[in-house]
Amino acid sequence: MLTSLQNEQVKYVVNLHKRKFREENGEFLIEGWRFVEEGLARGAHLTKVFFCSECKNESWPQLAEALKVKGVPVIEVDERVLRKMSDTENPQGILAVVKQSRWTWDDFIEIVNPAGRSAIPMLLILDGVQDPGNCGTILRTALAAGVTQVCLTEGTVDLYNLKVLRSTMGAIFSLNIATHCQPEEILKVCRSHKIPVFVGDAEGTDLYETHFAQPMALVVGNEGNGPSAAFRGPGVKRITIPMSHQVESLNVAMATGIILYEVRRRMTSTT
């Protein structure tokens, strides 16, 4: 059992709360029984699990056995060490170190021929979305709608921020997500593969009167400023959600959900 706050493993976990350290080491943290179970069930690469025996719940025996089968090292720590490692005031008693997935453009172009009938042939682009809750909710909604290919542009909130991760409710483990993408690079790839790009914008064609091609790319922009200049240029099709009673805008996560499910409805009704 780990009891020392000065242990190197403890220091490593604590440092994973820093974005720069996460990026340098290619790993991130998840916390909580349900999150660790979701990660394991969805095929996440767990490199190490830390748990506190004083905080074990009824699912621990099954989870411990599943971790053993997968060959994931499990390390017991005392409650004081767990609190040091944790990001929450009342930690549940378990956290895991997870390897970050790395994706290339070749992985994303599979939207041209999506695998599985439930997949929607779309590349979803989060462009400068700053709020962790919005980002996580969008990712969870995207997966629920059948979208599995996602790009985050430079300036978007850190994907491995614990608030983002908690908001995804485990959906992150079933998505292909590229980070630090440049808008110009995204547009170049889409043009070369003849993938039309749509962007949510206050000034655009009515969502319900827009024709959507298969495959397609959808851009959702920053909460206050909307999409970046590159996604407002020629060749990008603007779409807007019609609103009543002088309502000017919707939360970006809510708006994204509406668009995704309208696109899904349209695409599944024609197949």
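Residues numbered from 1 in each chain as written. Predicted model: local features only at pLDDT ≥ 70, side-chain atom pairs only at ≥ 80, totals over all residues. Heavy atoms only, no water.

Considering the side chain of T240
- Position of T240 relative to the elements: it lies in strand β10 (residues 236-240).
- One polar contact links the side chain of T240 to the main-chain carbonyl oxygen of A202, over a distance of 3.4 Å. (Helix = DSSP H or I, 4+ residues; strand = E, 2+ residues; numbered from the N terminus. Polar contact = N/O pair within 3.5 Å; in protein donor to acceptor, adjacent residues only side chain to side chain.)

A short note on the sheet that holds strand β7 (residues 176-181)
- What the six strands build is an open sheet, ordered β7-β6-β5-β9-β8-β10; its pairing is parallel. Two strands lie at the open edges of the sheet, namely β7 and β10, each paired on one side alone. This sheet shows a mean twist of 30 degrees between the axes of neighbouring strands, independent of strand direction.
- Relative to strand β6 (residues 149-153), strand β5 (residues 122-127) runs parallel, the two sharing four bridges. (Pairing = 2+ DSSP bridges. Axes fitted to C-alpha atoms, helices over the stretch in contact; angles between N-to-C directions.)

A few points about the packing of aromatic side chains
- If you walk through the whole model with that rule in mind, you get six aromatic pairs.
- For the ring pair W33 and W60, a centre distance of 5.7 Å and an interplane angle of 70 degrees mean the geometry is edge-to-face. Residue W33 is located in helix α3 (residues 33-41), and its partner W60 is located in helix α4 (residues 60-70); the two are separated by 27 residues in the primary sequence.
- Relative accessible area serves as the criterion here: at 9%, W60 is assigned to the buried category.
- Three or more aromatic residues joined by ring pairs form one cluster here, namely W33, F51 and W60. (Phe/Tyr/Trp six-rings, centres within 6.5 Å; stacked < 30°, edge-to-face > 60°. Buried < 20%, exposed > 50% of the residue type's maximum accessible area, 1.4 Å probe, protein only.)

A look at the domain arrangement of the chain
- For the chain, the assigned domains are domain 1 (6-97) and domain 2 (103-267).
- Taken over C-alpha atoms, the centre of domain 1 sits 30 Å from the centre of domain 2.
- Contacts between the two partners involve 16 residues from domain 1, matched on the other side by 14 residues from domain 2.
- Roughly 1,400 Å² is buried in total at the junction of domain 1 and domain 2, and carbon and sulfur atoms are behind 62% of that figure.
- Together, F28, F35 and R42 form the three largest contributors to the area buried by domain 1 at its contact with domain 2, with a combined 42%.
- Our count for the domain 1 to domain 2 interface comes out at three salt bridges.
- The residue D87 makes a salt bridge to R166 at a minimum N-O spacing of 3.4 Å.
- In this assembly, domain 1 and domain 2 are joined by four residue pairs in polar contact (both at pLDDT 80 or more).
- Those elements that provide at least two residues to the side of domain 1 that touches domain 2 are α2 (19-25), β1 (27-31) and α3. (Domains from an automatic or database assignment. Contact = heavy atoms within 4.5 Å. Buried area = accessible area lost by both parts, 1.4 Å probe. Salt bridge = Lys/Arg side-chain N within 4 Å of Asp/Glu carboxyl O.)

Quick notes on the layout of surface pockets
- By volume, the largest pocket is sized at about 520 Å³.
- Lining the largest pocket are 24 residues, with G200, D201, A202, S249 and L250 positioned closest to its centre.
- For the lining of the largest pocket, the elements supplying multiple residues, two or more each, are β8 (197-206), β9 (216-221), β10 and α10 (252-269).
- If you tally residues by element for the lining of the largest pocket, the top one is α10, at four residues.
- Tallied by class, the residues present in the lining of the largest pocket amount to 10 nonpolar, 10 polar and four charged. (1 Å grid on protein atoms, 1.4 Å probe; cavity = no way out; pocket = protein on both sides within 12 Å on 5 of 7 lines; lining within 4 Å. Points joined across faces, edges and corners; volume = space filled by probe spheres on them. Nonpolar A, V, L, I, M, F, W, Y, C, P; charged D, E, K, R; others polar.)

Considerations on the packing of α3 against α4
- Taken N-terminus to C-terminus, the directions of α3 and α4 make an angle of 35 degrees; their axes are 11 Å apart at the nearest point. Here α3 runs over α4; the crossing is left-handed. On α4, the residues touching W33, V36, E37 and L40 of α3 are W60, L63, A66, L67 and K70.
- Here the residues of the contact of α3 with α4 sort into seven nonpolar, no polar and two charged. (Left-handed = near helix turned anticlockwise from the far one by under 90°.)

A closer look at the nonpolar core
- Of all hydrophobic cores here, the largest spans 70 residues; its most connected members are I30, L46, F50, L126 and L218.
- Per-domain counts for this core show at least three residues from each of domain 1 (6-97) and domain 2 (103-267).
- Discounting residues that sit within four places of it in the chain, L126 has contacts with C135, I138, V150, C151, L152, T153, T156 and V220.
- Counting residues in hydrophobic clusters, the runner-up holds 16 residues, among them C151, I186, A217 and F231. (Core = buried A, V, L, I, M, F, W, Y, C linked by side-chain atoms within 4.5 Å.)

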